[in-house]
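The primary structure of each chain is shown beneath.
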Amino acid sequence: QVQLVESGGGLVQAGGSLRLSCAASGPILRVDTMDWYRQAPGKERELVAGITRTGGTNYANSAKGRFTISRDNAKNTGYLLMNSLRPEDTAVYFCNAEIHLLFIGRTIDSWGQGTQVTVSS
């Protein structure tokens, strides 16, 4: 069974930094696009940043210049480095990945359970 597990969330003061990780495990042939989403209380889930297998990136306007997405294909792991954090960045952050499965030739869209990021003012 494929799993995505996020880690690295926590409580940080405004202006601080956090680095989130997203590790994929299970019968994986290849991980393609990896995205980070976030959902604040009472708001819809929104895309924060995405990265292709070959390193192409895209960012939400709110993340540009402050967040950096990266990945290690050998480890099936993605990262989101968040600098200059603001109280409005407070949300649950979710990892999403397109995963090609071993043996059965299917591609699935997988989500992690989320990690809480809280930025105090």
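Bear in mind the structure is a predicted one, so any value in this text is a computation, not a measurement.

*Asks:* Any chance you could explain the overall build of the protein here in plain terms?
*Replies:* When helices and strands are tallied, the protein shows zero helices and 11 strands. If you list the helices and strands of the protein from N to C, you get β-β-β-β-β-β-β-β-β-β-β. Computed over its C-alpha atoms, the radius of gyration of the protein comes to 14 Å, within 12% of the 14 Å expected for a compact globule of 121 residues. A principal-axis box enclosing the C-alpha atoms of the protein has dimensions of 50 × 25 × 20 Å. Looking at the protein residue by residue over its 121 residues, the buried ones come to 42%. Sequence separation of at least 24 residues holds for 56% of the intrachain contacts in the protein that already meet a minimum separation of 6.

*Asks:* What am I meant to see in the pairing of strand S7 (residues 67-72) here?
*Replies:* Regular strands place side chains that alternate from one sheet face to the opposite one. Covered by surrounding structure in S7 are Phe 67, Ile 69 and Arg 71 only, the residues Thr 68, Ser 70 and Asp 72 on the alternate face being uncovered. Pairing analysis gives six bridges linking S7 to strand S8 (residues 77-82), with the strands arranged antiparallel. By the bridge assignment for S8, Thr 68 is matched with Leu 81. Counting the residues in the hairpin turn of S7 and S8 gives four residues, including Asn 76, whose phi is positive at 50 degrees.

*Asks:* Where do I start with the sheet that holds strand S3 (residues 18-25) in this structure?
*Replies:* Sheet strands associate in pairs through backbone hydrogen bonding, adopting either a parallel or an antiparallel arrangement. As summarised here, the arrangement of the four strands in space is S1-S3-S8-S7, forming an open sheet in which the pairing is antiparallel. The outermost strands of the open sheet, each flanked by one partner alone, are strand S1 (3-7) and S7. The mean angle between the axes of side-by-side strands here comes to 15 degrees, regardless of whether they run parallel or antiparallel. Looking at chain direction, S3 and S8 are connected through six bridges and run antiparallel. Directly across from Cys 22, in S8, lies its bridge partner Gly 78.

*Asks:* Can you help me understand the pairing of strand S11 (residues 115-120) in this one?
*Replies:* Taking every second residue as pointing to the same face, the buried face of S11 carries Thr 115, Val 117 and Val 119, while none of Gln 116, Thr 118 and Ser 120 on the other face is buried. The pairing of strand S2 (residues 10-13) with S11 spans four bridges and is classified as parallel. Its bridge partner being in S11, Gly 10 is matched across the sheet by Val 117. Pairing analysis gives three bridges linking strand S9 (residues 91-101) to S11, with the strands arranged antiparallel. Residue pairing across strands places Val 92 opposite Gln 116, the latter belonging to S11.

*Asks:* Where do I start with the packing of aromatic side chains in this structure?
*Replies:* Aromatic ring pairs are reported here in terms of the distance separating the ring centres and the angle at which the planes meet. Counted under the stated rule, the structure contains one aromatic pair. Seen in terms of ring centroids, Tyr 37 and Trp 111 are 5.0 Å apart; in terms of plane orientation they differ by 55 degrees. Their pairing is tilted. Separated by 74 residues along the polypeptide, Tyr 37 in strand S4 (residues 28-39) and Trp 111 in strand S10 (residues 107-111) bring together distant segments of the chain. Classification of Trp 111 by relative accessible area gives partly exposed; the value is 36%.

Cut-offs used in this document
- Residues numbered from 1 in each chain as written.
- Predicted model: local features only at pLDDT ≥ 70, side-chain atom pairs only at ≥ 80, totals over all residues.
- Heavy atoms only, no water.
- Helix = DSSP H or I, 4+ residues; strand = E, 2+ residues; numbered from the N terminus.
- Rg over C-alpha atoms; globule rule 2.2 N^0.38 Å.
- Buried < 20%, exposed > 50% of the residue type's maximum accessible area, 1.4 Å probe, protein only.
- Contact = heavy atoms within 4.5 Å.
- Pairing = 2+ DSSP bridges.
- Axes fitted to C-alpha atoms, helices over the stretch in contact; angles between N-to-C directions.
- Phe/Tyr/Trp six-rings, centres within 6.5 Å; stacked < 30°, edge-to-face > 60°.

Take it as geometry only, folks, not as evidence of what the structure does.
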